[in-house]
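Below, each chain spelled out in residue letters.
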Amino acid sequence: MKDLMLDLETFSTDSNALILSISAVQFDFESGKVGKEIAIGCNIHQQIVKGAHLDGNTIEWWLQQDLAAFTSIKGMYRKPIEEVIKDFNDFMEECETENLWGNGCTFDNVILRNMYKRHSREFPLKYWADRDVRTVRDIFGIDTREIPFTGIKHNGVDDCKYQIEYITNKIYRKGR
């Protein structure tokens, strides 16, 4: 299993967004089998000091979400960014990650890479490892509203598992 599904919860949609949490789930693209998972809360102050972007509209959006989603983010321990980067690097290495999937070509992967840059750290994967869920979904014409969601929407790990479900079970098998 060398694919990793990434989901960030942020306080902006800008490429330099402040990251509240980083979640990822290891998976096998062909079978849809999931493996290890991680969810890390990120220190907010350290990111603001380094120029992370906050957006009032996104914060307002969060305040309108289901209480379970907000509570799952609010309750996370917010690690110092150096620990976040070390833990996420260790996780990617442990999973032998070759492909990092994000939901949108300008969102998860780009925002994560920019956080690394702001904190003067090199991202461990090359740019060609990036994969985009939305593009694949659109190419195969999948309506995600027809696929039941299990868990809490906007909980990073649950969002990752949902994206894995529709990419592997609805898209990959449809293309064979």
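Refer to the structure presented above.
It should be emphasised that the depicted structure is a prediction, and the values quoted were computed from it without experimental measurement.

A. Structural view of the pairing of strand E5 (residues 99-102). Residues Asn99 and Trp101 of E5 are buried on one face, and the alternating residues Leu100 and Gly102, pointing to the opposite face, are buried as well. In the sheet, strand E1 (residues 3-10) pairs with E5 via three bridges, with the strands oriented parallel. If you follow Met5 over to E5, its bridge partner there is Trp101. In this sheet, strand E6 (residues 130-132) lies alongside E5 in parallel orientation, the contact comprising three bridges.

B. A look at the packing of aromatic side chains. One pass over the structure, following the stated rule, counts seven aromatic pairs. Pairing Trp61 with Trp62 gives two aromatic rings, centres 5.3 Å apart and planes at 80 degrees, and the pair type is edge-to-face. Judged by its relative accessible area of 2%, Trp62 falls in the buried class. The interplanar angle of 55 degrees and the centroid separation of 4.9 Å between the aromatic rings of Phe149 and Tyr162 together place this pair among those described as tilted. Linking Phe149 in the loop between helix H6 (133-139) and helix H7 (156-172) with Tyr162 in helix H7, this pair joins segments that are 13 residues apart in sequence.

C. Representation of the layout of surface pockets in the model. Roughly 500 Å³ of internal volume is contained in the largest pocket. Contributions of two or more residues to the lining of the largest pocket are made by E1, helix H2 (56-63) and H7. Here the residues of the lining of the largest pocket sort into eight nonpolar, seven polar and seven charged.

Criteria and cut-off values
- Residues numbered from 1 in each chain as written.
- Predicted model: local features only at pLDDT ≥ 70, side-chain atom pairs only at ≥ 80, totals over all residues.
- Heavy atoms only, no water.
- Buried < 20%, exposed > 50% of the residue type's maximum accessible area, 1.4 Å probe, protein only.
- Helix = DSSP H or I, 4+ residues; strand = E, 2+ residues; numbered from the N terminus.
- Pairing = 2+ DSSP bridges.
- Phe/Tyr/Trp six-rings, centres within 6.5 Å; stacked < 30°, edge-to-face > 60°.
- 1 Å grid on protein atoms, 1.4 Å probe; cavity = no way out; pocket = protein on both sides within 12 Å on 5 of 7 lines; lining within 4 Å.
- Points joined across faces, edges and corners; volume = space filled by probe spheres on them.
- Nonpolar A, V, L, I, M, F, W, Y, C, P; charged D, E, K, R; others polar.

By themselves these figures say nothing about function.
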